[in-house]
Amino acid sequence: MSIYSDSLAAAFGLLATADSDLMEILYLSINVSLLSLVLSCAIGLPIGAILAIRQFHGRDTLVGIFNALMGLPPVVVGLLVYLHLSRSGPFGWLGLLYTPQAMVIAQMILITPIIIALSCQVLEDMHEGYKDFFDSLVVPKRTALVAYIIDARYSLMTVILAGFGRAVSEVGAVIIVGGNIDHLTRVMTTAIALETSKGELELALALGFVLLSISLAVNFLAQWLKASAKRRAYV
Amino acid sequence: MSDKTTPALNCLLPITVDNLSLAMNDRVLIDRITCQIKGNGITVIMGPNGAGKSLFLRCLHGLVEPDSGQVYFAGEPPSPAIRQRQSMVFQAPTILRRTVLANLLFVARQRGMSNSQTSIDCLAQLRLDHLAQHPARLLSGGEKQRLALARALIIKPAVLFLDEPTSNLDPTSVDTIERNLQLVRQQGTKIILVTHDLGQAKRLAGDVLFLNHGKLSEHSPATSFFKNPESKAAKDYLAGKLVF
């Protein structure tokens, strides 16, 4: 069991000394995850909202597809993005392969269905609860949507944090499209994979502890938001 | 109940229901109802469970589209502009996840009213002013229903629809709601109320629509309805017998 305590000590050591390599990896991990999250929310929340409040032909099929896409295998996404961004692919001329931008694209593809499916569910519940009241008041659709978002703000926050959790802990896609290049595209998860393959288990585990701490912090934040909203009867 | 006050001019009256029908899953729920609702008294809709009272009320308010037939307000077919002059209080009120005051302000803003003092006055009228900054979803059942009524009244509706607004409420909340209904009736709002509560119907009703199996069995002034109902179903209902 000493490997765990040694790794934990190493993790604290790396953080306490603000190890430059670790900080660089950490910074890039959070940067890539946050950017992909912001872009996914910009695309996913409006689509989720439309699916929640509009009835149109094929709507249920679309919801089903987005629900299924929540479980997209990251390596498959990575492979597809690789094929599109590689020199012989349709977007090869952009020269994005093995750059952080390629990692953002891959993570966006993974997170956007999560944001769409979960926000659709949250807003659909709001819509069902408020529909009669808003119809009676003749509330315009846009005003209704704003009201849903305001009233479901804590639940939507949890949706967004779930997306961030998925992004920051993802390895399969970013290692394929990023290439795990030192000082360029190396993030926490790819660094862990590399150190493991090199047999540097202690360092890999130390990085794992740091990643786990980030993931735990995000989940505790989500739980705290939900609990505080519940206490104030906003859920 | 006698109507001693001077009825204010109500631009949406009379409400004419012309041969209204609605069926769902091959079951007729509203069956060719024709009637005219007028006057400044409170119109009470009564009938056993499943008679179609709530559905009929929703048809009147325009929340449910009938299969056939039409409702006219002062000769005009329903429109968003007409519905904006109406309010509805539901049996289970929808409470926005905000404070009590914010609930009221939301409704007021939909009608271009931004004066928060009006909202506070309206809350005071329903004895909710001390809870203005309270999260609305933490209110008791009676308080929630009073808030729903306050929201309905703040826009000063020409017609107010209420679907069993006092079921399961304590007598104090019932009294507050009934007194407010009397007050707005005196101010010219036409009230159409669905209730199972015979006592409440006797206290409030100016005229009674009695529905059974989706059909209008009787439409009479309240005094004659309670003294001498015309239909057998209404007689049985008032006698406390099971009406099938």
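Engineer: Got a minute to help me understand the interface of chain B and chain A in this structure?
Structural biologist: It is common to give the size of an interface as the accessible area lost on bringing the parts into contact. In this complex, chain B contributes 24 residues to the contact, which on the side of chain A involves 22 residues. Between chain B and chain A lies a buried interface of about 1,900 Å² when both sides are counted; carbon and sulfur atoms form 59% of it. It is Thr94, Arg97 and Arg98 of chain B that lose the most area in chain B upon contact with chain A, and together they represent 32% of the buried surface on that side. Here chain B and chain A share two salt bridges between them. Linking Asp132 of chain A and Arg58 of chain B is a salt bridge whose minimum nitrogen-to-oxygen distance equals 2.8 Å. Inspection of the region where chain B meets chain A yields eight residue pairs in polar contact (both at pLDDT 80 or more). Counting residues per element, the ones that place at least two in the side of chain B that touches chain A are α1 (53-61), α2 (80-83), β5 (86-89) and α3 (100-110) of chain B. Along the lines of polarity and charge, the residues of the side of chain B that touches chain A split into ten nonpolar, seven polar and seven charged.

Engineer: Can you help me understand α3 of chain B in this one?
Structural biologist: Residues three or four positions apart in an α-helix share a direction because the helix packs 3.6 residues into each turn. For α3 of chain B, the tally of buried residues reaches nine of eleven residues, placing the bulk of the element in the interior. Remark: Gly112 of chain B follows α3 of chain B within two positions and exhibits a positive phi of approximately 75°.

Engineer: Explain the nonpolar core to me, please; I cannot follow it from the model alone.
Structural biologist: One broad trend across soluble globular proteins is that nonpolar side chains are buried collectively. Among the nonpolar cores identified, the biggest contains 98 residues, and Phe134 of chain A together with Leu147, Leu149 and Leu160 of chain B are the most heavily contacted of them. The element contributing the most residues to this core is helix α5 (residues 100-137) of chain A, with twelve residues. Look past the residues within four positions of Leu149 of chain B in its chain and what remains in contact with it is Val89, Leu126, Leu160, Leu162, Ile177, Asn180 and Leu181 of chain B. Counting 32 residues, the second largest nonpolar core, distinct from the first, contains Ile15, Leu57, Ile82 and Ile192 of chain B.

Engineer: What exactly am I supposed to notice about the layout of surface pockets here?
Structural biologist: Residues and elements named next belong to chain B. Estimated volume of the largest pocket: approximately 310 Å³. Lining the largest pocket are 17 residues, with Leu153, Lys156, Pro157, Val184 and Gln187 sitting closest to its centre. Counting only elements with at least two residues in the lining of the largest pocket, the list comes to α4 (116-125) and α5 (141-154). Across the lining of the largest pocket, the residue classes break down as eight nonpolar, six polar and three charged.

Criteria and thresholds
- Residues numbered from 1 in each chain as written.
- Chains lettered and ligands numbered in written order.
- Predicted model: local features only at pLDDT ≥ 70, side-chain atom pairs only at ≥ 80, totals over all residues.
- Heavy atoms only, no water.
- Contact = heavy atoms within 4.5 Å.
- Buried area = accessible area lost by both parts, 1.4 Å probe.
- Salt bridge = Lys/Arg side-chain N within 4 Å of Asp/Glu carboxyl O.
- Polar contact = N/O pair within 3.5 Å; in protein donor to acceptor, adjacent residues only side chain to side chain.
- Helix = DSSP H or I, 4+ residues; strand = E, 2+ residues; numbered from the N terminus.
- Nonpolar A, V, L, I, M, F, W, Y, C, P; charged D, E, K, R; others polar.
- Buried < 20%, exposed > 50% of the residue type's maximum accessible area, 1.4 Å probe, protein only.
- Core = buried A, V, L, I, M, F, W, Y, C linked by side-chain atoms within 4.5 Å.
- 1 Å grid on protein atoms, 1.4 Å probe; cavity = no way out; pocket = protein on both sides within 12 Å on 5 of 7 lines; lining within 4 Å.
- Points joined across faces, edges and corners; volume = space filled by probe spheres on them.

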